[in-house]
Amino acid sequence: MLKEKVSLLSISLPLDEEIHTEKIKQFSIDTLLSEVEEIVLDQDIVLVDEAGRQVRRVPFTTLINAIFQEWQKLSGVYQTLLRAVDNAITIVDSDGKVVAWNPKAEDLYKTSAEEMIGSKITNRFKEDSVVLMSTMKEGKGVIRHYNQPQEDVHVLINTLPIFITDKVVGGISVESDITEIVKLNNELTTTTAYIQDLENQIGNKDIIDPFHKIKGRSQAIKTSISLSKKVAHTDATVVITGESGVGKELFAQAIHKASPRSKGPFIDLNCGAIPSALFESELFGYEKGAFTGAIKEGKLGKIGTAKGGTLFLDEIGEMPLELQVKLLRVLQEKQYYRVGGNQPIPIDVRILSATNRDLEKMVEEGLFREDLYYRLNVVTIPIPPLRDRKEDLPELVQLFLKEFSIKYRKPVPVISPEVMVTFMHFPWNGNIRQLRNIIERVMIFTDDNIIKSEQLPNEFFKRHTNSQSPILGEAELHEGDEKSLIIHALKVTYGNKSAAAKMLGVSRVTLYNKMKKYGQL
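Rules behind the numbers
- Residues numbered from 1 in each chain as written.
- Predicted model: local features only at pLDDT ≥ 70, side-chain atom pairs only at ≥ 80, totals over all residues.
- Heavy atoms only, no water.
- Helix = DSSP H or I, 4+ residues; strand = E, 2+ residues; numbered from the N terminus.
- Buried < 20%, exposed > 50% of the residue type's maximum accessible area, 1.4 Å probe, protein only.
- Contact = heavy atoms within 4.5 Å.
- Areas by Shrake-Rupley, 256 points an atom, 1.4 Å probe, with all protein chains shown as cover.
- Phe/Tyr/Trp six-rings, centres within 6.5 Å; stacked < 30°, edge-to-face > 60°.
- Lys NZ or Arg CZ within 6 Å of the ring centre and 35° of its normal.
- Expected span 1.5 Å × (residues − 1).
- Salt bridge = Lys/Arg side-chain N within 4 Å of Asp/Glu carboxyl O.
- Patch = residues over 30% accessible without salt bridge, like charges linked within 9 Å, V, L, I, M, F, W, Y side chains within 5 Å.
- Lys, Arg positive; Asp, Glu negative; His and termini not counted.
- Charge placed at Lys NZ, Arg CZ, Asp CG, Glu CD.
- Pairing = 2+ DSSP bridges.
- pLDDT = per-residue confidence, 0-100.
- Axes fitted to C-alpha atoms, helices over the stretch in contact; angles between N-to-C directions.
- Left-handed = near helix turned anticlockwise from the far one by under 90°.
- Nonpolar A, V, L, I, M, F, W, Y, C, P; charged D, E, K, R; others polar.
- Core = buried A, V, L, I, M, F, W, Y, C linked by side-chain atoms within 4.5 Å.

### As for the overall build of the protein
Argument step 1. Looking only at helices and strands, the protein features 18 helices and 18 strands.
Argument step 2. Taken across its 521 residues, the protein has 43% of its residues classed as buried.
Argument step 3. Residue pairs in contact within the protein that sit at least 24 positions apart in sequence constitute 63% of those at least 6 positions apart.
Argument step 4. On the protein, roughly 28600 Å² of surface is accessible, and the fraction owed to carbon and sulfur atoms is 51%.

See below:
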């Protein structure tokens, strides 16, 4: 195969006699074949040592044969690479004539290599849409640049000029097809606007689903909503789990509105935001004169305020151990005492709680009471992070664009395709809260009616190890569910196999093999 370094010494022969240097080229004995910039027809090469003594020679025919062999190897690798890459590759010479047009380019532009090779690329595309031509003129490339080379094709393109001794002799472009993502984004934009218009017409009528504010059509979010609806009609305690920013309080509010207690109050208490010394009085309230600084008339407390309704204990994992004991007693005895009081007060409240921590692990480490955990955790509802439901991104983006267009009195802008692709590949560690904040930021700074990638914060362009994580990673394709994931991906991408493969995070070849395995071809 290819050798990284072929030396002239390795193809040289013994020197029979000293050769007159004025008639022949001399090279150092350490010179590589790739370092020979010029050869003279029918003239051998002489190798000299460090002292300048002639020691070996390379016959002209041997030199040409070595160059030809290396060219053959490079040509084989070159042709194989063009066929192997799952992107459209175009290579042109300094005049803009196509010298390479791989099978993916044939598929993307429905034009054969025979038609393209040898012709100017501007004969097939308008010059202002050919990024490769401007790359060669300016001598610098572009990375992940959005382009629409023809009406029905949208791509992300990387280009680089080809240099030989500081002279541009051609250019190469690598294009990723994002046509289906753009079409989906446009369709979802139209559909979301229509749905939101219908919601506005409905207003706040009782027929609205209490869960209508939770947006998304992914299977992950549908599962969480379905579980919440089932438990909503009971009075069971519920623990809602999930990372920060996934919308746990939104689920708690929806469960309350769908419950028999919907006409009662929904009271929330952030267990991580209240100092330990004040927590008991906040939760249970206090009698008048209970302690110095107390309100003269006393205070009802969150449990009392939530009577007949729902008490939502957010960040329950942050509750101090000494207060966990008191909350446990309340749940067991169904009554509580205000601070400074001695009269038991029966509780009439449903308890919902939420956490972004692993309560089971906290129980094992002695940081959370096991008995309280089982009292609170009759039902667990996990909320998926945004990176596990990226197919919901276009709908959520449109929702927040409309919200902030009203707030800032601006028209709803269009999200450019490259921005949507960037969103799709971003890890969203802050989940929906982070997405909402980003949309508000770009709405503030956007003066045009289109949001472009340069308006995004710098964090989108930092190299994270998982910043290019696929919508559904390869690791998720287990034997038991990969068939349903493939069916879902093909449905979402309207049968486009390239887009489905990108969504699943596998190569197109892998997708074809799996489709064949499950009889889908």
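### Side note on the packing of aromatic side chains
Argument step 1. Evaluation of the coordinates by the stated rule reveals 13 aromatic pairs.
Argument step 2. Pairing Tyr373 with Tyr374 gives two aromatic rings, centres 5.1 Å apart and planes at 65 degrees, and the pair type is edge-to-face.
Argument step 3. An aromatic cluster of at least three residues, connected via ring pairs, comprises Phe423, Phe426, Trp428 and Phe460.
Argument step 4. Taking the ring centre of Phe125 as reference, the NZ or CZ of Arg124 above it sits at 4.8 Å.

### Structural notes on helix H7 (residues 248-257)
Argument step 1. Every buried residue belonging to H7 is among Lys248, Phe251, Ala252, Ala254, Ile255 and His256, and all of these are buried.
Argument step 2. Its buried side turned inward, H7 meets helix H6 (219-232), strand S10 (238-241), strand S11 (266-270), strand S12 (310-314), strand S15 (350-355) and strand S16 (379-382).

### Details of helix H10 (residues 321-333)
Argument step 1. The first and last C-alpha atoms of H10 sit 19 Å apart over 13 residues, in line with the 18 Å expected at 1.5 Å per residue.
Argument step 2. Two residues or fewer past H10, Lys334 is found with a positive phi of approximately 60 degrees.

### Quick word on the pattern of salt bridges
Side chains carrying opposite charge are able to pair once their charged atoms draw close together.
Argument step 1. Summed over the entire model, instances satisfying the criterion amount to 14 salt bridges.
Argument step 2. The residue Lys73 makes a salt bridge to Glu70 at a minimum N-O spacing of 3.5 Å. Taken together, the positions of Lys73 and Glu70, both in helix H1 (residues 60-84) and three residues apart, correspond to about one turn of that helix.
Argument step 3. For Lys73, a relative accessible area of 27% translates into the label partly exposed.
Argument step 4. By relative accessible area, which is 15% here, Glu70 ends up buried.
Argument step 5. Between Arg389 and Asp392 there is a salt bridge whose closest N-O contact spans 3.0 Å. The pair formed by Arg389 and Asp392 is uniform in burial state, with each residue classed as buried.

### A closer look at a negative patch on the surface
Argument step 1. A contiguous patch of negative charge, built from Asp358, Glu360, Glu364 and Glu365, is present on the exposed surface.
Argument step 2. Relative to the helices and strands, Glu365 resides in the loop between helix H11 (359-364) and helix H12 (370-376).
Argument step 3. Under the relative-accessibility criterion, Glu365 is labelled partly exposed at 48%.

### Some thoughts on the sheet that holds strand S4 (residues 54-58)
Argument step 1. Spatially, four strands are ordered S1-S4-S3-S2 in an open sheet, and the strand pairing comes out mixed. A single partner strand is all that each edge strand has here, and the edge strands are strand S1 (13-14) and strand S2 (25-28).
Argument step 2. Relative to S4, strand S3 (residues 45-48) runs antiparallel, the two being bridged by four bridges. Residue pairing across strands places Leu47 opposite Arg56, the latter belonging to S4.

### Details of the confidence of the model for the protein
Argument step 1. Scored by pLDDT, the protein has a mean of 82; 84% of the residues are at 70 or more.
Argument step 2. Note on residues 291-295: pLDDT under 50 across the span, and seven contacts to partners over four residues away in sequence or across chains.
Argument step 3. The low-confidence segment residues 463-477, where pLDDT is below 50, has 39 contacts with residues more than four positions distant or belonging to other chains.

### A short note on the packing of helix H13 (residues 393-407) against helix H14 (residues 417-425)
Argument step 1. At a closest axis distance of 11 Å, the pairing of H13 and H14 adopts a crossing angle of 120 degrees. Here the hand of the crossing between H13 and H14 comes out right-handed. Residues Leu393, Pro394 and Val397 of H13 form the contact with H14, whose own contacting residues are Met420, Phe423 and Met424.
Argument step 2. Considering only residue class, the contact of H13 with H14 consists of six nonpolar, no polar and no charged.

### Describing the pairing of S11
Argument step 1. Of the two faces of S11, only the one carrying Ile267 and Leu269 is buried; Phe266, Asp268 and Asn270 on the other face are not.
Argument step 2. Strand direction decides the pairing type here: S11 and S12, joined by five bridges, are parallel. Opposite Asn270, over in S12, you have Asp314 as the bridge partner.

### With respect to the environment of His154
Argument step 1. Among the structural elements, His154 can be located in strand S8 (residues 153-164).
Argument step 2. In sequence terms His154 and Glu418 are 264 residues apart; their C-alpha atoms lie 9.6 Å from each other.

### Things to note about the pairing of strand S6 (residues 98-101)
In summary, the side chains of a regular strand alternate between the two faces of the sheet.
Argument step 1. When strand S5 (residues 88-93) meets S6, the two strands line up antiparallel, connected through three bridges. Looking across to S6, one finds that Thr90 is bridged to Trp101.

### So, the sheet that holds S11
Argument step 1. With respect to topology, five strands assemble into an open sheet ordered S11-S12-S15-S10-S16, the strand pairing being parallel. The sheet terminates laterally at S11 and S16, the two strands that pair on one side only. Each neighbouring strand pair of the sheet contributes to a mean axis angle of 20 degrees, computed without reference to strand direction.
Argument step 2. The pairing of S10 with S16 spans four bridges and is classified as parallel. Paired with Thr241 across the bridge in S16 is Pro382.

### Here we look at the nonpolar core
Argument step 1. In terms of nonpolar packing, the biggest core is built from 30 residues, with Leu283, Ile303, Leu311, Leu313, Ile316 and Phe368 touching the most fellow members.
Argument step 2. Those residues in contact with Leu313 that lie beyond four places of it in its chain are Leu269, Cys271, Leu283, Leu327, Ile351, Leu352, Ser353 and Ala354.

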